[in-house]
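Here is how the chains run, residue by residue.
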Amino acid sequence: MIYSPLAVKICGVDFKNPVITASGTFAFGFEFSKLFDIDKLGGISVKGVTREKREGNPGPRIAETYGGVLNSVGLQNPGVEVFINNFLPFLQSKKAAVIVNIAGNTESDYCYLAERLSGTGVSMIELNISCPNVKEGGLAFGVKPDTIQSITREVKKRSKKPLIVKLSPNVADIAENARAAEYGGADAVSLINTVRGMAVDADTRRPLLKNITGGLSGPAIKPIALAMVWQVYNAVKIPIIGMGGIMTANDAVEFILCGATAVQVGTGNLINPLTASNIIDGLRKYVEKNKLGNLQEIRGKLLID
Ligand SMILES: Cc1cc2nc3c(=O)[nH]c(=O)nc-3n(C[C@H](O)[C@H](O)[C@H](O)COP(=O)(O)O)c2cc1C
């Protein structure tokens, strides 16, 4: 790989920069590829893929809040076979690492998906055990350390691909959960998924989402995400992929200072589709201005008196 001050290796996978688009906010990349050159991205984490096709929850399932977005999409996707046959070839023709976010109702669903994707050209698997918008599975596996450890161990056995475990903020102690993922054999953790939230219309006296509650994302959750990345950085040795409200290169640097090796950009893509691209340009300027050989020199280097 050509040397770049933004380049980073995560669990043996080369990323030309640490900027990854977050699951559920970039679909499978096709629409965004018409708006900018997605070869520029470090990686793409695709919409959560399940064993069978899912329609997701009934609408309304997106609502805007101050500094954030509330969603209850509920894992709408075409299913793993359609993903592999129709979308993966396009993603593989791009120069970004392909991370497949997987979700299921049961442990065996997760194991099946990991095994099915093991022989394909995907770069990494991201285990979504933190979706707050589905009744079965999802967050049910991602709250308690013992279930996190066991599902991580079982999935890890089924796949040769590096495994990222995506953690929920809707828990008692995220650091303990990160340690459980590490003990279970996770190669990396990503955090945070959305924060459970709700919006109400005073005039109609109704919740804005059909599902009543949803997951909050965007700048409103950045302080929560930074605190959790810092806590997890002090708890585990495996790499951390940080996210939650990243809109600018400075936001991304804040996550790296708190210990993240790479970042994901989610809601930012919905506000301006060029957000991830602009962040990459901004990070390049940041390393130049601060005369860094590589951005990773500041990872975890938060100055504390
Ligand atoms: C509309 C929408 C759909 C999402 N779908 C998924 C998903 O399928 N799988 C998943 O792990 N996270 C999903 N997320 C969570 C994001 O990947 C990310 O963890 C979260 O939004 C926080 O980052 P952000 O504040 O930059 O958006 C979704 C978020 C949004 C807004």
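Refer to the preceding data block for the structure.
Residues numbered from 1 in each chain as written. Predicted model: local features only at pLDDT ≥ 70, side-chain atom pairs only at ≥ 80, totals over all residues. Heavy atoms only, no water.

Trainee: Would you take a moment to explain the overall build of the protein for this structure?
Mentor: Looking only at helices and strands, the protein features nine helices and 16 strands. In terms of its C-alpha atoms, the protein occupies a principal-axis envelope of roughly 55 × 50 × 40 Å. Across the 305 residues of the protein, 57% fall into the buried class. The long-range share in the protein, meaning contacts at least 24 apart out of those at least 6 apart in sequence, stands at 71%. On the protein, roughly 13200 Å² of surface is accessible, and the fraction owed to carbon and sulfur atoms is 53%. Once the 34 positive and 27 negative side-chain charges of the protein are each reduced to a mean point, those two points are 2 Å apart. (Helix = DSSP H or I, 4+ residues; strand = E, 2+ residues; numbered from the N terminus. Buried < 20%, exposed > 50% of the residue type's maximum accessible area, 1.4 Å probe, protein only. Contact = heavy atoms within 4.5 Å. Areas by Shrake-Rupley, 256 points an atom, 1.4 Å probe, with all protein chains shown as cover. Lys, Arg positive; Asp, Glu negative; His and termini not counted. Charge placed at Lys NZ, Arg CZ, Asp CG, Glu CD.)

Trainee: Help me understand unusual backbone geometry, please; the structure alone is not making it clear to me.
Mentor: Cis geometry marks the peptide bond from Gly-59 to Pro-60, where omega comes out at -5°. If you trace the backbone, Pro-60 turns up in the loop between β4 (43–45) and β5 (62–65). The amide bond that connects Leu-191 to the next residue, Ile-192, takes the cis arrangement and shows omega of 10°. One non-glycine residue, Cys-11, adopts positive backbone phi at about 50°. Positionally, Cys-11 belongs in the loop between β1 (8–10) and β2 (13–15). We classify Cys-11 as partly exposed; its relative accessible area is 27%.

Trainee: Quick question: what am I supposed to make of the site of the ligand here?
Mentor: What surrounds the ligand is a group of 22 residues, the closest being Ser-23, Lys-166, Gly-218, Gly-245 and Thr-267. Within the side chain of Asn-128, one N or O atom sits 3.2 Å away from a nitrogen atom of the ligand. One nitrogen or oxygen atom from the side chain of Lys-166 is found 2.8 Å from an oxygen atom belonging to the ligand. Relative to its unbound accessible area of 610 Å², the ligand is 96% covered by the protein chains. Split by residue class, the shell around the ligand holds five nonpolar, 15 polar and two charged. (Near = heavy atom within 4 Å. Polar contact = N/O pair within 3.5 Å; in protein donor to acceptor, adjacent residues only side chain to side chain. Nonpolar A, V, L, I, M, F, W, Y, C, P; charged D, E, K, R; others polar.)

Trainee: What am I meant to see in the sheet that holds strand β11 (residues 195–198) here?
Mentor: Strand-to-strand pairing in sheets goes through backbone hydrogen bonds, with the strands running parallel or antiparallel. The four strands lie next to each other as β5-β6-β14-β11, forming an open sheet whose pairing is antiparallel. Edge positions in the sheet fall to β5 and β11, since each of these pairs with one other strand and no more. The sheet shows a mean angle of 40° between the axes of neighbouring strands, taken without regard to direction. Across four bridges, the pairing between β5 and strand β6 (residues 68–71) is antiparallel. Pairing of Ala-63 across the sheet is with Leu-70, part of β6. (Pairing = 2+ DSSP bridges. Axes fitted to C-alpha atoms, helices over the stretch in contact; angles between N-to-C directions.)

Trainee: Is there a simple way to think about the pairing of strand β7 (residues 97–102) in this case?
Mentor: Consecutive residues of a regular strand have side chains that alternate between opposite faces of the sheet. Counting buried residues along β7, six of its six residues qualify, which places the element largely inside the surrounding structure. Both faces of β7 are covered, namely the face carrying Ala-97, Ile-99 and Asn-101 and the face carrying Val-98, Val-100 and Ile-102. When β4 meets β7, the two strands line up parallel, connected through three bridges. Counted as the bridge partner of Gly-43 is Ala-97 from β7. Pairing geometry for β7 and strand β8 (residues 124–128), over four bridges, is parallel.

Trainee: Just checking my understanding: could you explain the sheet that holds strand β16 (residues 262–265) for this structure?
Mentor: The strand order β3-β4-β7-β8-β9-β10-β15-β16 describes a closed barrel built from eight strands, whose pairing is parallel. Across the sheet, the mean angle from the axis of one strand to that of its neighbour is 25°, orientation sign disregarded. Contacting β7 and β8, helix α3 (residues 107–118) crosses the sheet at an angle of about 160° to β7. Across the sheet, helix α4 (residues 145–158) lies against β8 and β9 (163–166), angled at about 155° from β9, the strand it touches most.

Trainee: Where do I start with the environment of Gly-214 in this structure?
Mentor: Counting through the fold element by element, Gly-214 comes out in strand β14 (residues 213–217). Residues Gly-214 and Pro-239 lie 25 residues apart in sequence; the distance between their C-alpha atoms is 28 Å. Not counting the four nearest positions on each side in its chain, Gly-214 is found in contact with Leu-70, Asn-71, Ser-72, Asn-133, Val-195, Arg-196, Gly-197 and Leu-209.

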